[in-house]
Amino acid sequence: LGALPIPMALPLRVLLVTARPDDAGFVDPRGIARELLDEVQPQIEAGTIALEFLRPPTRAVLRERLSMSPPIHILHFDGHGTFRDTGSDTGLTDDGKVLSGGAQGMLAFEKDDGSLDLAPADELAQMLQDSGVRLAVLTACQSAKGASDDLFSSVAARMIRSGVDAVVAMSASVLVASAAKYVEAFYRRLASGEAVTLAHERA
């Protein structure tokens, strides 16, 4: 978790990515979204928070939205995460950039047909660079897990290195009910004007 030293201009724009690939195990897509919406509804009605939902939850659509105006301040990814060794193989991002191999964190997006599409940490970091995203909230298992010999192998660490001011992520697997309770408390405090670090600690 980093810090947010510079106030963000209102309205605070939150982009919720709820990814539920068909072949990744069922998780109720309404759980986190419902808690988030309940806590920020007064601010949405007052015009101080603007909440968007990414549809469909694909890497390509996320990249497109992040390149558009107005910029997103908070990116919230709600879905599956994993940490795995990809070996020495390299891969390509969806826009043709070369990725390095090795162990790294991944987030589970959807393909156009709804099937699983794992996005590696280095691609996500590249996507967020210069995007304007100030805070990333990752309710995804192992999104803060990294290798002992590579401090920047986790999704969270690579996002910080890409320029995101603060990242809230999970170092292990967490129950959906626990994540929902955290989100409820975190956004309630964030919406009341508390600093990110304080809202995180109290949540």
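Residues numbered from 1 in each chain as written. Predicted model: local features only at pLDDT ≥ 70, side-chain atom pairs only at ≥ 80, totals over all residues. Heavy atoms only, no water.

A.B. asks: Hey, could you run me through the environment of phenylalanine 77 in this one?
C.D. replies: Tracing the chain through its elements places phenylalanine 77 in strand β3 (residues 74–78). When the C-alpha atoms of phenylalanine 77 and proline 57 are compared, they prove to be 9.6 Å apart, with 20 residues separating the residues in sequence. Those residues in contact with phenylalanine 77 that sit more than four places away from it in its chain are Val17, Ala19, Leu107, Ala108, Phe109, Val137, Leu138, Thr139 and Ala140. (Helix = DSSP H or I, 4+ residues; strand = E, 2+ residues; numbered from the N terminus. Contact = heavy atoms within 4.5 Å.)

A.B. asks: Is there a simple way to think about the confidence of the model for the chain in this case?
C.D. replies: Parts of the model with low pLDDT should not have their predicted coordinates read in detail. Averaged over all residues, the pLDDT of the chain is 84; the fraction at 70 or higher stands at 85%. Taken together, the stretch residues 88–93 has pLDDT below 50 and engages in 18 contacts with residues farther than four places along the chain or on a different chain. (pLDDT = per-residue confidence, 0-100.)

A.B. asks: Where do I start with the side chain of glutamate 110 in this structure?
C.D. replies: Along the chain, glutamate 110 falls in strand β7 (residues 103–110). Ignoring anything within four residues of it in the chain, the contact list for glutamate 110 reads Thr18, Ala19, Arg20, Pro21, Pro57, Thr58, Ser115 and Asp117.

A.B. asks: I would appreciate a short explanation of the nonpolar core in the present structure.
C.D. replies: Buried together is how nonpolar side chains tend to be arranged in soluble globular proteins. Within the largest apolar cluster, 25 residues are counted, with the highest numbers of intra-cluster contacts made by Val17, Leu62, Phe77, Leu107, Phe109, Leu138 and Met159. Where this core is concerned, the elements lending two or more residues are β1 (12–18), α2 (59–66), β3, β7, α3 (121–128), β9 (135–139) and α4 (155–161). Element by element, the count of residues in this core is highest for α3, at four residues. Look past the residues within four positions of leucine 138 in its chain and what remains in contact with it is Phe77, Leu107, Ser143, Val155, Met159, Val167, Val168, Ala169 and Met170. Membership of the second largest hydrophobic core comes to 24 residues, among which are Val137, Ala180, Phe186 and Leu190. (Core = buried A, V, L, I, M, F, W, Y, C linked by side-chain atoms within 4.5 Å. Buried < 20%, exposed > 50% of the residue type's maximum accessible area, 1.4 Å probe, protein only.)

A.B. asks: Quick question: what am I supposed to make of the environment of phenylalanine 109 here?
C.D. replies: By secondary structure assignment, the location of phenylalanine 109 is in strand β7. Judged by its relative accessible area of 1%, phenylalanine 109 falls in the buried class.

A.B. asks: Explanation requested: the sheet that holds β1 in the structure shown.
C.D. replies: Whenever strands of a sheet pair, they do so through backbone hydrogen bonds, lying parallel or antiparallel. Read across the sheet, five strands follow the order β2-β1-β3-β9-β10 without closing on themselves; strand pairing throughout is parallel. Each of the sheet's edge strands pairs with one partner strand only, and the pair in question is β2 (49–53) and β10 (166–168). In this sheet, neighbouring strand axes are inclined to one another by 15° on average, regardless of whether the strands run parallel or antiparallel. The sheet contact formed by β1 and β3 spans five bridges and is parallel. The partner of leucine 15 across the bridge, within β3, is leucine 75. Along the sheet face, helix α1 (residues 30–46) touches β1, β2, β3 and β9 and points at about 150° away from the line of β2. (Pairing = 2+ DSSP bridges. Axes fitted to C-alpha atoms, helices over the stretch in contact; angles between N-to-C directions.)

A.B. asks: Looking at this structure, I do not really get the pattern of salt bridges. What am I missing?
C.D. replies: Opposite charge on two side chains makes pairing possible when the charged atoms of those side chains draw close. One pass over the full model with this rule turns up eleven salt bridges. Taking the shortest distance from any N to any O, the salt bridge between aspartate 78 and arginine 20 comes out at 2.9 Å. With a gap of 58 residues between them, aspartate 78 in strand β3 and arginine 20 in the loop between β1 and α1 connect regions that are remote in the sequence. Take aspartate 78: its relative accessible area is 4%, and that puts it in the buried class. A salt bridge links arginine 59 to glutamate 123; the nearest nitrogen and oxygen atoms lie 2.3 Å apart. (Salt bridge = Lys/Arg side-chain N within 4 Å of Asp/Glu carboxyl O.)

A.B. asks: Explain the packing of α1 against helix α5 (residues 176–191) to me, please; I cannot follow it from the model alone.
C.D. replies: Two numbers describe a pair of packed helices, the interaxial angle and the distance between the axes. Where α1 contacts α5, the axes come no closer than 8 Å and their chain directions differ by 15°. When the axes of α1 and α5 are compared, the pair comes out roughly parallel. Helix-helix and strand crossings are classified by hand; for α1 and α5 the assignment is right-handed. Of α5, the residues touching α1 (which contributes Ile32, Glu35, Leu36, Glu39, Val40 and Gln43) are Ala179, Ala180, Val183, Glu184, Tyr187, Arg188 and Ala191. Grouping the amino acids of the contact of α1 with α5 by side-chain chemistry returns eight nonpolar, one polar and four charged. (Parallel < 35°, antiparallel > 145°, perpendicular 65-115°, else oblique. Left-handed = near helix turned anticlockwise from the far one by under 90°. Nonpolar A, V, L, I, M, F, W, Y, C, P; charged D, E, K, R; others polar.)

A.B. asks: Could you clarify how one ought to interpret the pairing of β9 in this entry?
C.D. replies: With five of five residues buried, β9 is to be regarded as a mostly interior element. As defined by bridge partners, β3 adjoins β9 across five bridges and the pair is classed as parallel. Across the sheet, residue aspartate 78 finds its bridge partner in β9, namely threonine 139. In this structure, β9 lies alongside β10, joined through three bridges in parallel fashion. Across the sheet, the residue bridging to leucine 135 is alanine 166, located in β10. The handedness of the β9 to β10 crossover, carried by α4, is right-handed. (Right-handed = clockwise from strand over helix to strand, strands pointing away.)

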